[in-house]
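# Architecture at a glance
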Amino acid sequence: MKTRHFAPLLLAAALAACGQRSEQDLLAAAQKRMEQKDVGGAVIELKNLLQQNPENAKARHLLGKALLDAGDVAGAEIELRRAWELGAPRDELAPLLAQTLLLSGQSRKLIGEFSDQTLADPVAQSTLQQYLAMAFLAQGNVTEAKAAAGRALQLQPESEDAIIVSARTKVAAGFPDEALAALDQLILKNPKAGKALLLKAEVLLARGKMDEAEPLLREVLVLDPRSYDARSLLLRLAFGRQQIDVATKLVDEMPPDLAKKPQGRFMQGQLALAKGDAAKAKELAVPLLKVMPNYLPLLRLASGAHQQLGELADAENLLNQALKLAPEDLALRRQFAGLQLQRRSPAKTLETLRPMLESGRADADSLLMAGKAQLMQGNFEAADQAFGAAAKLRPDDAKTTAALALSAIIRDSAAPGGASRAKADAAMNQLRDIAAKDSGSSYDLMLINALLRRNDLPAALAALDRLAPKMKDSPVPDGLRGRIHLVRKDTAAAQASFEASLKADAGYLPAVLGLVTLDMQANRSEAAVKRLESFVTTQQHSPQARLALADLLAQTRAPVDRVTEVLAAGVREEPTEAALRVSLIDHYLRNGDAAKAAQAAQEAAAALPLNADLLERLARTQLASGDKAQAAKTYTRLTVMAPTRAQGWLGLAQLRFMEKDDAGAEREVKRALEAEPASVPAQRLLIQLAARQGRVDEALTALRERQKKNPQEAFALMAEAEIESNRQHYDVAIAALRKAVALREPADAAPRLFSVLMAAKKRDEAQAFETQWAAAHPQDQSFPAATADILLARGELDPALARYEALLKRNPDALPIINNVAWLRSKTGKPGARELAERGLKLNPDYAALRDTYATVLANEKDFSKAISAQRQLISDQPDQPAYKLNLAQILIQSGDKPAAKAELEGLAKLGKKFPQQAQVEALLKTL
């Protein structure tokens, strides 16, 4: 029997030994495949060789070259550096590695590593100097570029490549005629000099001579159909002329080997984005970032795709990365500022534009963006100055006139009446004139937005009538009309408009959401859910629809698992859609499922490692699970990845605040405010720090100054109330909170007011306010939940239970509420605790907080054996949650098993300050 088992294995090993080729054979085969332009076959041969001998320097060298030929510059760099470490010839390796760094956008790194390098072979040294010249050009250092090009040409005076690099430096130095003369001389000697023809075309393009450049680029493609540069420039020409059919032909006619390379897939992505297929562009671009992480055009493409899909955080991160690589690129800086403006980050927009504004190199578009950013911050004079400067550069441009008009309208909205109203009226008439003269739709939309801002609904409808012919067959006009009718409470007209919008485009989500709103207003919640579910089924790639469905299900009190499945299915269908992953993580956190939130966050960060929002969620879940050290590491990574966002610095500040390291917290929060001066959480934490350190007057002065600047903001009023409440100045705190709850967006001022009234022993006022708020906001479930939490924290168990019970009737399957009601029923000796907990665990057997409560309920019913068993199983599943061990110790004490309880408590005592409930542990140990 043993022979039968082992004989086939021995035979296979013998056959493998007989069939195994030597390293020399594999190397020769790889070289032959490379000569035949079979790069993929060469890579396979070389990887087989390296499996036999990972230390073969020649194989590493050739694999790096093969990967470079295949367009995998990141993989090429890894293999070439390994070959360098293994002692491969420097003269052969250095130029290849320099080329790799140049192609991957690492020009600064290339200069740092190779500017002092001297090679024995003059040809290799000339080639290296050529790459250095190109790297210096990329850094804007024309002087050093010319010097390197001169050295390359001196070593190889007849080299076409050296002549071409020298010509490039002449162009950069402002001598294009000299460059063209050198190129013409080269082309005269060799009419098929493709690189010379290509550079000549580039120079002509820079001079605006498109018609002269195009035939040269076509000639280059005839000579070499695989020329990425020539095809890419022709593609750019086609896009500039809006010749999508020409662009499509250029992409479709790519040779198969180029189409498979990263450069080919990049051009496919460019075409997809130009055609409006942002999802396909993203699908092509995101994987390429792993291969070409520092390629500026790719970063722009990926950012553009994310931006069109509404994934603005991803787009901003990519452009931030690009700007670090090319800080002098003004077009890139404008693009980045435009995105920041779209994300409603005016301070960051102005910071990005600052080098252009201060140097006097700002063009009209940059000045328009600066004006809009100032407008968003309420700096009207600065906005007018920027718009005025833009108008001087482009006096007859409708954009600048419209911007000045919009500034006047917004100023009137902020402080209506008087002279500002007259200016706003005049500005509105200007917008009407511009919109009437323009054949496009953007100014009409701007006018409609301004009219809606003034709540002039009849005029907005009239403006829509004028817009409709310009946007024939578009769903937008009817969609906007439906929104206006919704505000007017004309249900029939709103429904007709939304349905007309969907006839124009069945995939227009805003119209579907309008109909969902009508369904909800008519108490047709099931119909609303079915409508959105049907839309998601027919529009598979609409992440916003999935998010809307999840929100609707939560709003209609659907079972938690149903909401989970919608979001989880969305993540499965759209694994690169960050918003879905963020929503799934937040959903788990809201429902107290820290373990699943952590798992989802880890998977998300692995799938989308460049997404700052997901990295922040990962840190948050680590903090929720008590792993402060890992959370600190993740927040630190976030500050490196997204230094212009407050999130990372703020996370570190909050950690320091929790550890009572006030100096450290203040240092980090100031960095957060440097990144985002308008960050409310950072400002709030800074004020909290000032108050905790006794600098109360300083904090209050800052808050009152903020209240003057932002009279519609609740934060400053709530922060003032918090400080005054801590000083037991309850009347001042209550007055501030009453102002806050009256605002259009009161945030969480209502539960804070209830809490302060209770603390001030004004129970009747608190209950009266609770009744008033509930009557005025019948759909607000957060307020009754917060009042219940407040009463529970005060130890008022029966009133808290009454409010949780009322919430449970409205949300029978909400696990956090089930958990609280079960615990309170058991604590207060009321019936039904066990049955309720068991029903909740049927809904979600893994819900840790309820499992913990269930063990407590069992213990209170004297079912100690089952309680201890259930709690030990919970601890086994959640070993990093010491609070569950504390509850086990309490149950053991309750059961009379003091030795086992003591063992648990002594284990917790070893955690020291890491466990916040250490005082309770010490108190219990004293009783044993």
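Residue numbers restart at each chain and count upward from 1, following the sequence in its written direction. Only residues with pLDDT of at least 70 are given local features in this predicted model, and only at 80 or more are side-chain atom pairs given and counted; all residues enter the totals for whole chains, interfaces and linings. Water and hydrogen atoms were dropped before computing side-chain values, which therefore reflect all heavy atoms in the structure.

### A closer look at the overall build of the chain
From N to C terminus, the chain includes 55 helices and 0 strands. When a residue's accessible area, from a 1.4 Å probe over protein chains only, is under 20% of the maximum for its type it is buried; when over 50% it is exposed; and in between it is partly exposed. In the chain, which comprises 928 residues, the proportion classed as buried is 47%. Note on definitions: a residue-residue contact is assigned when non-hydrogen atoms from the two residues lie within 4.5 Å. Once local pairs closer than 6 in sequence are excluded, the contacts in the chain between residues at least 24 apart make up 49%. A total of about 45,100 Å² of accessible surface is found on the chain, and carbon and sulfur atoms cover 53% of it. Charge counting follows a simple rule: Lys and Arg are positive, Asp and Glu are negative, and His as well as the terminal groups are ignored. Each charge is placed at NZ for Lys, CZ for Arg, CG for Asp and CD for Glu. Of the charged side chains in the chain, 123 are positive and 114 negative; the average position of the first set lies 2 Å away from that of the second. Each helix is a run of H or I in the DSSP string that is no shorter than four residues. Each strand is a run of E no shorter than two, and both are numbered from the N terminus. Using a 1.4 Å probe, accessible areas were evaluated by the Shrake-Rupley method; residue-level cover was limited to the displayed protein chains.

### Concerning helix 42 (residues 696–709)
Since the α-helix packs 3.6 residues into each turn, any two residues three or four apart lie on the same face. The end-to-end C-alpha distance of helix 42, which contains 14 residues, comes to 20 Å, matching closely the 20 Å that a straight helix rising 1.5 Å per residue would cover. Listed in full, the buried residues belonging to helix 42 are V696, A699, L700, L703, R706 and Q707. Down the axis of helix 42, the sector holding all buried residues measures 125°, keeping them to one side. The exposed set on the far side of helix 42, more than 90 degrees from its buried face, consists of D697, T701, K708 and K709. In this structure, the buried side of helix 42 is in contact with helix 41 (680–692) and helix 43 (714–726). To estimate the expected span of a helix, subtract one from its residue number and multiply by 1.5 Å. Summarising the geometry, the arc corresponds to the directions from the helix axis toward the C-beta atoms.

### Structural notes on the pattern of salt bridges
In what follows, salt bridge is the name for a side-chain nitrogen of Lys or Arg lying within 4 Å of a carboxyl oxygen of Asp or Glu. Tallied over the full model, the rule gives 54 salt bridges. Notably, a salt bridge pairs R82 with E55, separated by 3.1 Å at the nearest N-O pair. Of the two residues, R82 sits in helix 5 (residues 73–85) while E55 sits in the loop between helix 3 (39–52) and helix 4 (57–69), which places them 27 residues apart along the sequence. Its relative accessible area of 45% is what places E55 among the partly exposed residues.

### So, the packing of aromatic side chains
Working definition: rings of Phe, Tyr and Trp (its six-membered ring) pair if their centres are within 6.5 Å, and the pair is stacked with planes under 30 degrees apart, edge-to-face with planes over 60 apart, and tilted otherwise. Evaluation of the coordinates by the stated rule reveals 5 aromatic pairs. Here the aromatic rings of W84 and F114 are separated by 6.1 Å at their centres, their planes lie at 80°, and the arrangement is edge-to-face. Note that W84 is positioned in helix 5 and F114 in helix 7 (residues 107–114), a separation of 30 residues in sequence. On the basis of relative accessibility, which here comes to 1%, the residue F114 falls in the buried class. Ring geometry for W773 against F783: centres 5.9 Å apart, planes inclined by 45°, an arrangement best described as tilted.

### Here we look at unusual backbone geometry
Backbone geometry places Q242, a non-glycine residue, at a positive phi of 60°. Mapped onto the elements of the fold, Q242 is located in the loop between helix 14 (228–240) and helix 15 (244–252). Overall, Q242 belongs to the exposed group, its relative accessible area being 71%. Even without a glycine there, the phi angle at K489 is positive, about 65°. Accessibility expressed as a relative area gives 73% for K489, which makes it exposed.

### Things to note about the packing of helix 52 (residues 864–877) against helix 53 (residues 882–895)
Look at helix 52 against helix 53: their axes get within 10 Å of each other, and the N-to-C directions meet at 165°. On the basis of their axis angle, the class for helix 52 and helix 53 is roughly antiparallel. Helix 52 and helix 53 meet at a crossing whose hand is left-handed. Contacts between helix 52 and helix 53 pair F864, A867, I868, Q871, R872, L874 and I875 from the former with Y884, K885, N887, L888, I891, L892, Q894 and S895 from the latter. Here an angle of 0 to 180 degrees is reported between the N-to-C directions of two axes, which are lines fitted to C-alpha atoms, with helices fitted over the stretch in contact. For classification purposes, angles smaller than 35 degrees are called roughly parallel, those larger than 145 roughly antiparallel, those between 65 and 115 roughly perpendicular, and all remaining angles oblique. The handedness criterion is simple: a crossing whose near helix is rotated anticlockwise from the far helix by less than a right angle is left-handed, and one whose near helix is rotated clockwise is right-handed.

### Comments concerning the nonpolar core
With 105 residues, the main nonpolar core has F114, L132, L217 and L298 as its most contacted residues. Once residues within four sequence positions are removed from consideration, L217 is found in contact with L198, A201, L205, A230, L233, L234 and L237. The set of buried Ala, Val, Leu, Ile, Met, Phe, Trp, Tyr and Cys residues whose side-chain atoms join them within 4.5 Å is what this entry labels a nonpolar core. Counting 58 residues, the second-largest nonpolar core is a separate cluster that includes Y804, A814, I817 and L836.

### Remarks on the confidence of the model for the chain
Known as pLDDT, the predictor's per-residue confidence is scaled from 0 to 100. On average, residues of the chain score 84 in pLDDT, and 93% of them reach the 70 mark or higher. Counted against residues more than four places away or in other chains, residues 1–19, with its pLDDT under 50, gives 0 contacts.

### A short note on helix 37 (residues 612–624)
Over its 13 residues, helix 37 runs 18 Å from end to end, which matches the ideal 18 Å to within 8%, given 1.5 Å per residue. The set of residues buried in helix 37 consists of A612, D613, L614, L615, E616, R617, L618, A619, T621 and Q622. Check the buried side of helix 37 and you find it contacts helix 20 (312–325), helix 35 (578–590), helix 36 (594–607), helix 38 (628–641) and helix 39 (646–658). Remark: G626 follows helix 37 within two positions and exhibits a positive phi of approximately 90°.

### Topic: the environment of R81
Secondary-structure assignment places R81 in helix 5. Measuring from C-alpha to C-alpha, the distance between R81 and L97 comes to 7.7 Å, with 16 residues separating the pair along the chain. When neighbours within four sequence positions are excluded, R81 is seen to be in contact with L97, L101, K109 and E113.

### Quick notes on the packing of helix 50 (residues 833–843) against helix 51 (residues 848–860)
Two elements in contact, helix 50 and helix 51, have axes separated by 10 Å at closest approach and are oriented at 155°. On the basis of the axis angle, helix 50 is roughly antiparallel to helix 51. Note that helix 50 runs across helix 51; the crossing there is left-handed. Residues A833, R834, A837, E838, G840 and L841 of helix 50 form the contact with helix 51, whose own contacting residues are L850, R851, Y854, V857 and L858.

### A closer look at the environment of M267
Within the secondary structure, M267 sits in helix 17 (residues 262–274). M267 gets classed as buried once you look at its relative accessible area, which sits at 0%. Taking C-alpha positions, M267 is 9.7 Å from M254, a pair spaced 13 residues apart along the chain. When residues no more than four places from it in sequence are discounted, the contact partners of M267 are Y228, R231, S232, L235, V251, M254 and L258.

### Some points on the environment of L137
Among the secondary structure elements, L137 is positioned in helix 8 (residues 122–138). Each C-alpha atom, one on L137 and one on E805, is 71 Å from the other, the two residues being 668 residues apart in sequence. Residue contacts for L137: discarding those within four places in its chain leaves A145, R168, T169 and A172.

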